[in-house]
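Architecture and fold: a report
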Amino acid sequence: RMFAGFVFVSIIAVRSAAGFVVPARGVASVRVCGAAEEEATIDEATALAVSLFKAKHGKVKEGKLFYATEPQLVATFDELRKVYGDAALEMVRRNPSSLAYRSKNFAPSFAFFAAKFGDEEARAMVLRNPYLLAVPPTGYASAEMVKDDTMYLSYVIDATRDYGKILLPLFFLLLSTPAIEAVSGIPIRASLLATLTGGSL
């Protein structure tokens, strides 16, 4: 169960970092209104957060995932700031799609993260891996079930942020190697280790 949760969060993080859209339970499919909708006055941080989202998802067609009105984006960012404070804008920089996640999940999911790791550690963890904002508070692979491996993975995501597309194939190879060995009977890891060390099986 712990491994399943690790794989779930890992796939969200790595696929998202590589530029894939991940329709997780924590992602809201939102609708946009017409361009003539009147815009409210917003502060500089909110304006920047909205522009980051639009830069990534501005061409998404109406009715599709990640299609949002500006008021919806503003409201989501406001909720994100209520929970994560000044770190919210950096989270959006690292993961603009977070403004299309279900904002009602932010506070309860953070409560579970904080109960496990403490407030400051939980905020730092989500800053390193803002794809955790998509994790629902309860249910399968949820914040309620968070384990230490989620914290460890946040450091991996942070350290490899700029290399997601390169590391994606390697990541899935590492996850699938035990299954490949079981089916094929070929000791892939042992063979690779022997090659690298100059030893024998």
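Use the structure listed above.
1. Topic: the packing of aromatic side chains
The tally for this structure, following the rule as stated, stands at one aromatic pair. Ring geometry for Y84 and F110: centres 5.3 Å apart, planes at 75 degrees, overall edge-to-face. Here the residue Y84 occupies a position in helix 3 (residues 70-84), and F110 occupies one in helix 5 (residues 106-117), the gap between them amounting to 26 residues. The residue whose ring lies beneath R128 is Y155, and the NZ or CZ to ring-centre distance is 3.8 Å.

2. Focus on the pattern of salt bridges
According to the stated counting rule, one finds nine salt bridges in the structure shown. A salt bridge links R81 to D78; the shortest N-O distance between them is 3.7 Å. In this pair, R81 and D78 are both assigned in helix 3, three residues apart and thus about one turn of the helix distant. Assessed through its relative accessible area of 31%, D78 is described here as partly exposed. With its nearest N and O atoms 3.0 Å apart, the salt bridge here joins R94 to E90. Of the two residues, R94 and E90 are both situated in helix 4 (residues 87-94); the distance of four residues between them amounts to about one turn of the helix. Three or more residues joined by partner-sharing salt bridges are found here, namely E90, R93, R94, D158 and R161.

3. Brief notes about the side chain of T76
Mapping T76 onto the fold places it in helix 3. Overall, the relative accessible area of 8% leaves T76 in the buried class.

4. Some remarks on the environment of A143
Structurally, A143 can be placed in the loop between helix 6 (119-128) and helix 7 (148-159). Under the relative-accessibility criterion, A143 is labelled buried at 0%. Through-space distance from the C-alpha of A143 to that of F112 is 5.7 Å; in sequence the pair is 31 residues apart. With residues up to four places along the chain from it excluded, the contact list for A143 reads S109, F112, F113, V135, P136 and P137.

5. A closer look at the nonpolar core
Counting 34 residues, the largest nonpolar core has F77, L80, Y84, F113, V126 and L133 as its most contacted members. Among the secondary structure elements, those contributing two or more residues to this core are helix 2 (44-57), helix 3, helix 4, helix 5 and helix 6. With six residues, helix 3 is the largest single contributor of residues to this core. When sequence neighbours within four positions are dropped, the list of residues in contact with F77 reads A45, T46, A49, A88, L89, V92 and L99.

Parameters and conventions
Residues numbered from 1 in each chain as written. Predicted model: local features only at pLDDT ≥ 70, side-chain atom pairs only at ≥ 80, totals over all residues. Heavy atoms only, no water. Phe/Tyr/Trp six-rings, centres within 6.5 Å; stacked < 30°, edge-to-face > 60°. Helix = DSSP H or I, 4+ residues; strand = E, 2+ residues; numbered from the N terminus. Lys NZ or Arg CZ within 6 Å of the ring centre and 35° of its normal. Salt bridge = Lys/Arg side-chain N within 4 Å of Asp/Glu carboxyl O. Buried < 20%, exposed > 50% of the residue type's maximum accessible area, 1.4 Å probe, protein only. Contact = heavy atoms within 4.5 Å. Core = buried A, V, L, I, M, F, W, Y, C linked by side-chain atoms within 4.5 Å.

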